[in-house]
2 protein chains.
Amino acid sequence: MVIANFPQLKLRLQNLPPKTAVVAAAHDEHTLQAVFNACQDGLIQPILVGHRAQILSIAQRLGAVLDPTQVVDAQDDADCAAKAVALIRSGRGAMLVKGMLPTGTLLKAVVKKESGIRAGEVMSHVAILDVPNYHKLLYITDGGMVVAPDLEQKRHILQNAVDFCRFLGYDRPKAAALCAVETVSSAMPETADAAALKAEGERGDFGPCIVEGPIALDLATDREAARVKGYHSPVAGDADILLAPSIAAGNLLGKSLYGLAGGKMAGVVLGADVPITVNSRGATAEEKYWSILICTAMN
Amino acid sequence: MVIANFPQLKLRLQNLPPKTAVVAAAHDEHTLQAVFNACQDGLIQPILVGHRAQILSIAQRLGAVLDPTQVVDAQDDADCAAKAVALIRSGRGAMLVKGMLPTGTLLKAVVKKESGIRAGEVMSHVAILDVPNYHKLLYITDGGMVVAPDLEQKRHILQNAVDFCRFLGYDRPKAAALCAVETVSSAMPETADAAALKAEGERGDFGPCIVEGPIALDLATDREAARVKGYHSPVAGDADILLAPSIAAGNLLGKSLYGLAGGKMAGVVLGADVPITVNSRGATAEEKYWSILICTAMN
């Protein structure tokens, strides 16, 4: 199974029953535009947490009809985050959507021991990229959450991404544990981690998937480069998941494919009870829409 | 001074007197095509080291007229590398061009204590990218040589790139010390290195240039992203040099801009007595040409 781009993802997901999305700090035009579009497309039913008056006024401007029971008034960022997380915790929503508040504030409420919704051992970020020069969606992880992952944390990051792809319908997602080279070198510890993940993948530790590594980006995404270099792997030129060796590398990779390669990006945090959309402050309504869309596949 | 792309670089450099280029393992069609094109354009005069018979036959096929004194017969890869480096060491060439041999073999001869041509303390790699979605050339360093640079090595890597840009005619190249974030964090030691490099740049340690850091890729290359996030710096959206925090990050960045962002790439190793072109085995004649071209600026 291959998903070529976001519109094709939409075709796959649009006939699922709508999921309830809890929106934290919903008083933002791009966020509400994305939410209302997703409602219209039958993907979600929203609960909007935030400044009630602002939400109603933006909704009116956007021509959306809101049931007042769908709006939960909240004050500052921390209050928006806490109320939204509490709604998820009480079973009222299947995804958490980040609105006009810092990612850190939202995640602080998510991971809070007594009131949060953390599920797995490691929460990780996946940037989903629809890049014109690649034949299918790319899942880049982790350029946004786990700062300096050790091998054990990389296992969780990879597992989160594989599970996510399996929810989306991938039979055997192909993961590349990226490094600068294809050989294990003691000077580059990430190469040993990559080889370990490959071995663990082969014995089935991550479920149905194919893990390759250490492997450089050109071999993972460019079949012709792999051919020229005589590199053979089912992942060569055909990776779905790109596992970065560090947050710095993952962040660079996502941002280069987004900005300079002209890609469209969705962003999701995995490892909580529900998927969490996280878009940067500058994200367009369209990007927020794709993030919501991709979360509807889970649970 | 701004160089928008490789063709514009050519316009700037084509009236310099031709430099002598020593080509190691020249028995390769793409390499010779690039060399002959550079000769025709008056950029270089070559000395071709390698399998003489093969070189002459490829030259004939390409319709090039070769003076036999320009060909130095050599046998295996190590012999090609040693003889080419010896020519540079004896003052016969102003640049070393990698032909059909592994980069490692060539550089081994370069760094040899008693017979090599190593000059500075740190040799580093710069990938020069001509990316359609960016308004000028990007200089990415180091995704190919220095594996896990500490702050002192980063200083040399940055200095090598700044000096290179100054040779090319940049008055005050703008360098971004890339990280995943814009703030110093003890969890990400590369952010402290980036802040140190910025401070050192401000007091003039690297000569005329502007160093910014820590800074994420989107802010360094996308003016609109910087505006939305309220980030102000002369480097915002206008970086020339992208200093990567690790070889893995630099390698990913170069390869993503090359493959997935549709860029053209030249590659140079700095820190030896002369610049050294290094292109991957799959590089086209055109890419090898750009690498040779850019080296003609130095001496």
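Parameters at a glance
- Residues numbered from 1 in each chain as written.
- Chains lettered and ligands numbered in written order.
- Predicted model: local features only at pLDDT ≥ 70, side-chain atom pairs only at ≥ 80, totals over all residues.
- Heavy atoms only, no water.
- Least-squares fit on C-alpha atoms with pLDDT ≥ 70 in both.
- Contact = heavy atoms within 4.5 Å.
- Salt bridge = Lys/Arg side-chain N within 4 Å of Asp/Glu carboxyl O.
- Helix = DSSP H or I, 4+ residues; strand = E, 2+ residues; numbered from the N terminus.
- Buried < 20%, exposed > 50% of the residue type's maximum accessible area, 1.4 Å probe, protein only.
- Pairing = 2+ DSSP bridges.
- Right-handed = clockwise from strand over helix to strand, strands pointing away.
- Axes fitted to C-alpha atoms, helices over the stretch in contact; angles between N-to-C directions.
- Buried area = accessible area lost by both parts, 1.4 Å probe.
- Nonpolar A, V, L, I, M, F, W, Y, C, P; charged D, E, K, R; others polar.
- Phe/Tyr/Trp six-rings, centres within 6.5 Å; stacked < 30°, edge-to-face > 60°.
- pLDDT = per-residue confidence, 0-100.
- Parallel < 35°, antiparallel > 145°, perpendicular 65-115°, else oblique.
- Left-handed = near helix turned anticlockwise from the far one by under 90°.

## Regarding the relation of the copies chain B and chain A
Phase 1: If you rotate chain B by 180° and push it 0.0 Å along the axis, it lands on chain A with an RMSD of 0.1 Å. Interpreted geometrically, this transformation is the action of a two-fold axis.
Phase 2: Here 100% of the interface residues in chain B have copies in chain A that are interface residues too; the copies meet face to matching face.

## Examining the pattern of salt bridges
Residues and elements named next belong to chain A.
Phase 1: Within this structure, the stated rule accounts for 34 salt bridges over all chains.
Phase 2: The salt bridge involving Glu200 is made with Arg155; its shortest N-O contact spans 2.7 Å. Of the two residues, Glu200 is situated in helix 7 (residues 189-202) and Arg155 in helix 6 (residues 151-168); the sequence distance between them amounts to 45 residues.
Phase 3: Of the charged contacts, one joins Glu286 and Lys264 as a salt bridge, the two residues approaching to 3.4 Å between their closest N and O atoms. Here Glu286, found in helix 11 (residues 285-295), pairs with Lys264, found in strand 10 (residues 264-270); they are 22 residues apart in sequence, far enough to count as distant.
Phase 4: According to the relative accessible area criterion, Glu286 is partly exposed, its value standing at 37%.
Phase 5: Given the relative accessible area of 35%, Lys264 is considered partly exposed.

## Observations regarding the pairing of strand 1 (residues 19-24) of chain A
Residues and elements named next belong to chain A.
Phase 1: Along strand 1, 5 of the 6 residues are buried, which leaves the element largely enclosed by surrounding structure.
Phase 2: As paired strands, strand 1 and strand 2 (residues 44-50) are joined by 6 bridges and run parallel to one another. Counted as the bridge partner of Val23 is Leu48 from strand 2.
Phase 3: You can see the chain leave strand 1, run along helix 2 (residues 29-40) and come back into strand 2, and the turn it takes is right-handed.
Phase 4: Alignment of strand 1 against strand 4 (residues 95-98), held across 4 bridges, turns out to be parallel. Each bridged residue has a counterpart across the sheet, and for Val22 the counterpart in strand 4 is Leu96.

## A word on the sheet that holds strand 1 of chain A
All names here are of chain A.
Phase 1: If you walk across this open sheet you meet the 11 strands as 3-2-1-4-11-10-5-6-9-7-8, and the pairing is mixed. In the strand order of this sheet, the two ends are held by strand 3 (71-73) and strand 8 (210-215), each with one partner.
Phase 2: Bridge count for strand 7 (residues 174-178) against strand 8 is 4 bridges, and the pairing is parallel. When the sheet's bridge partners are listed, Ala176 is paired in strand 8 with Glu212.
Phase 3: In the packing of helix 2 onto the sheet, the strands contacted are strand 1, strand 2 and strand 4, and the crossing angle to strand 2 comes to about 155°.

## A few points about the interface of chain B and chain A
Phase 1: Between chain B and chain A, the residue contacts involve 34 residues of the former and 34 residues of the latter.
Phase 2: Area buried by chain B at its contact with chain A is led by B:Leu252, B:Lys255 and B:Leu260, which between them contribute 26% of it.
Phase 3: Applying the counting criterion to the chain B and chain A interface returns 2 salt bridges.
Phase 4: A salt bridge links B:Lys255 to A:Asp218; the shortest N-O distance between them is 3.4 Å.
Phase 5: Secondary structure elements with two or more residues in the side of chain B that touches chain A: helix 8 (217-221) and helix 10 (247-260) of chain B.
Phase 6: A total of 11 residues in the side of chain B that touches chain A trace back to one element, the largest contributor, which is helix 10 of chain B.
Phase 7: Partitioned by chemical class, the residues of the side of chain B that touches chain A number 21 nonpolar, 8 polar and 5 charged.

## Topic: the sheet that holds strand 3 (residues 71-73) of chain B
All names here are of chain B.
Phase 1: Pairing is mixed in the open sheet, where 11 strands are placed in the order 3-2-1-4-11-10-5-6-9-7-8. Bordering the open sheet on either side are strand 3 and strand 8 (210-215), each of which pairs with just one other strand.
Phase 2: The sheet strands contacting helix 2 (residues 29-40) are strand 1 (19-24), strand 2 (44-50) and strand 4 (95-98), and the helix crosses strand 2 at an angle near 155°.

## Re unusual backbone geometry
Trans is the prevailing form of peptide bonds, just as negative phi is the prevailing case for residues other than glycine.
Phase 1: Here A:Thr141 and A:Asp142 are connected by a cis peptide whose omega angle stands at 5°.
Phase 2: Of note, A:Asp142 is situated in the loop between strand 6 (138-141) and helix 6.
Phase 3: B:Gly213 connects to B:Pro214 through a cis peptide bond whose omega is -5°.
Phase 4: Its identity as a non-glycine residue notwithstanding, A:Ala25 has a phi of 60°, on the positive side.
Phase 5: Looking at the element boundaries, A:Ala25 is found in the loop between strand 1 and helix 2.

## What to know about the packing of aromatic side chains
Residues and elements named next belong to chain A.
Phase 1: In total, this model carries 8 aromatic pairs over all chains according to the counting rule given.
Phase 2: For the ring pair Phe6 and Trp290, a centre distance of 5.1 Å and an interplane angle of 15° mean the geometry is stacked. Of this pair, Phe6 sits in helix 1 (residues 6-13) while Trp290 sits in helix 11, and the two are 284 residues apart along the sequence. Trp290 matches Phe6 in its accessibility class, with the two residues each being buried.
Phase 3: Their ring planes at 90° and their centres at 5.6 Å tell us that Tyr139 and Tyr170 sit as a pair that is edge-to-face. With Tyr139 in strand 6 and Tyr170 in the loop between helix 6 and strand 7, this pair connects stretches of sequence that are 31 residues apart.
Phase 4: Three or more aromatic residues joined by ring pairs make a cluster, and in this case those are Phe6, Tyr289 and Trp290.

## Looking at the pairing of strand 10 (residues 264-270) of chain B
Residues and elements named next belong to chain B.
Phase 1: Within strand 10, 5 of the 7 residues are buried, which leaves it mostly tucked inside the rest of the structure.
Phase 2: Examined bridge by bridge, strand 5 (residues 124-130) and strand 10 share 7 bridges and lie antiparallel to one another. Bridge pairing links Leu129 to Met265 in strand 10.

## Quick notes on the confidence of the model for chain A
Phase 1: Mean pLDDT over chain A stands at 95; residues scoring 70 or higher make up 100%.
Phase 2: Reported confidences for the modelled complex are a pTM of 0.93 and an ipTM of 0.89.

## As for the environment of A:Gly144
Residue and element names in this part refer to chain A.
Phase 1: Secondary-structure assignment places Gly144 in the loop between strand 6 and helix 6.
Phase 2: Through-space distance from the C-alpha of Gly144 to that of Pro214 is 21 Å; in sequence the pair is 70 residues apart.
Phase 3: The residues touching Gly144, leaving out its near neighbours within four places in the chain, are His125 and Ile247.

## Some thoughts on the packing of helix 2 of chain B against helix 11 (residues 285-295) of chain B
Residues and elements named next belong to chain B.
Phase 1: One way to put it is that helix 2 packs onto helix 11 with a least axis distance of 8 Å and a crossing angle of 50°. Classified by the angle between their axes, helix 2 and helix 11 sit oblique to one another. Judged by the sense of rotation from one axis to the other, the crossing of helix 2 with helix 11 is right-handed. Only Ala285, Lys288, Tyr289 and Ile292 of helix 11 make contact with helix 2, whose side of the interface consists of His30, Thr31, Gln33, Ala34, Val35, Asn37 and Ala38.
Phase 2: Considered class by class, the residues forming the contact of helix 2 with helix 11 number 6 nonpolar, 4 polar and 1 charged.

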